[in-house]
Amino acid sequence: MKLTVIGCSGSFAGPDSPASSYLVQAEHEGRTWSIVLDLGNGALGPLQRQVDLADLDAVFISHLHPDHCVDICGLYVTRKYRPGGAVPGQLDVHAPSGAADRFALMYHGLEHAGMSAEFAVHELADELVTTLGPFTVTSYRVNHPVEAYGFRVEADGVVLAYTGDTDATPALSPLLAGADLALMDSAFVDGRDDVQGIHLSGRRAAEAAVTAGGVGRLVLTHIPPWNDREVCRAQAAEIWSGPLELAAPGGTWTLGGADGPSGASEDGTVEVDRAAGLALWADYRAVHPALPDEGEPPVECFGDSPALADELIAFVVDGPKRATAGLVAAYAADGDPLPRVGAHWVACGGDGQPRVVLRTHELRVGPLHSVDAQFAWDEGEYDRTLESWLDGHRRFFRRECERIGAEFSNDLEVVFERFSIVWPPELAD
Ligand SMILES: [Zn+2]
Ligand SMILES: [Zn+2]
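Residues numbered from 1 in each chain as written. Chains lettered and ligands numbered in written order. Predicted model: local features only at pLDDT ≥ 70, side-chain atom pairs only at ≥ 80, totals over all residues.

Here's the deal with the sheet that holds strand S2 (residues 21-28)
One open sheet accounts for seven strands, arranged S6-S5-S4-S3-S2-S1-S14; its pairing is mixed. The sheet terminates laterally at strand S6 (119-123) and strand S14 (252-254), the two strands that pair on one side only. Neighbouring strand axes in the sheet, compared pairwise and without regard to direction, differ in orientation by 20° on average. With seven bridges connecting them, S2 and strand S3 (residues 31-37) associate as antiparallel partners. Residue Val24 lies in a different strand from S3, and its bridge partner there is Ile35. (Pairing = 2+ DSSP bridges. Helix = DSSP H or I, 4+ residues; strand = E, 2+ residues; numbered from the N terminus. Axes fitted to C-alpha atoms, helices over the stretch in contact; angles between N-to-C directions.)

As structure tokens, this is what we get:
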């Protein structure tokens, strides 16, 4: 079972993400089955990068707040007005009571039949079990100001639990228990949001996962743009000692599969779109014909997961990050040459799409412990202190060592690289 984050911005679309929407796919009887959990503002756009909308097998709407359902209107248009004729049949939409009327109202002026020719709307209920293809989806009524559900999705012997919007409630235990991955609302910040009965905080999400028991991996989501994401992570980490991540658009996780249903795979790796990266490179080369020929540049992403890649590319594109650090041993293990001063590389986001062309202008190889405060500052992540740089990079390098079968130490050789953005022109330094 594969989970792809389409949108994860809490309560409204953010500058970097649509509102809530998650694509869940599994192979069954010779084809890929695709269901969507929520269709919040803006989700329909990037959803089309992942799946042909006519191929969706069902939509599950957790509740009727716009940030979870409003893009159903666009989906209706794609089914009804497609050139060459409407998509045949009705798409199953599972949603809270009154959903069909609400959808028709959102699409003001719709005739009496509403969207009934396009959608078969089925009303959810607490502990209702819906089966389709490889999926068994159990809905649990959760704790939100309107009728709202969380979804426990089972397929291939693995479990994905999605809370939708909720505050703490006993229903979270059967929803989450034993889930390989728990995708949990963490919109509220402890100490800032005291109101009850609307959203979890990172800490309350972690407490619910611990109470339920057997949760393999905690992914915090529905974080609004006005939150400091790292505060949410830290509040959860006070309680939760297992794998903990923040959802980011384009992030994927594969549960079970080839390794058997023993739990989540690693984060999901980023598959870079090398052709798109080389196209961006060609655009840059076309306006800089005098540059020496250096062959095709590497097309890479920062970090080792879609979520981290997205977080770090944002520090480059929107922030001050102009340096990066990598293990010499990892370059060797991956068969990649070390960077060269004056050479270029294409950096991608967590969706594998290229964002910028970077040019390396300074390199130093030295032991991990030789990093200094200026380099940490230039790496431009989080609070930019040496302390947080060491903390974050020790964790990252430990994962890298595990991946390549090396032993971690503070003497590991590290490539300290400073770079500038050279393309596209609107982002270039
Ligand atoms: Zn919401
Ligand atoms: Zn809501």
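Notes on the UniProt feature "domain: ASCH" (unreviewed entry) in the chain
Per the UniProt record, "domain: ASCH" (unreviewed entry) is annotated on residues 301-423. Annotated as residues 301-423, this span is 37% helix and 29% strand, and its ends, taken at the C-alpha atoms, are 16 Å apart. (UniProt positions renumbered as here; feature names shortened; annotations may be inferred.)

Some words on the packing of helix H6 (residues 202-212) against helix H7 (residues 229-237)
Look at H6 against H7: their axes get within 7 Å of each other, and the N-to-C directions meet at 35°. By crossing handedness, the relation of H6 to H7 is classed as right-handed. Along its contact with H6, which presents Gly202, Arg203, Ala205 and Ala206, the element H7 presents Cys232, Arg233, Gln235 and Ala236. (Left-handed = near helix turned anticlockwise from the far one by under 90°. Contact = placed C-beta atoms within 7 Å.)

Points about the pairing of S3
Most of S3 sits out of view: five of its seven residues are buried. Between S2 and S3, which pair antiparallel and follow one another directly, the connecting turn spans two residues, one of which, Glu29, has a positive phi of 50°. Relative to strand S4 (residues 58-60), S3 is paired through three bridges, and the arrangement is parallel. Residue pairing across strands places Val36 opposite Val59, the latter belonging to S4. With helix H1 (residues 44-50) bridging S3 and its parallel neighbour S4, the resulting β-α-β unit is right-handed. (Buried ≥ 20, exposed ≤ 12 C-beta atoms within 10 Å, placed from the backbone. Right-handed = clockwise from strand over helix to strand, strands pointing away.)

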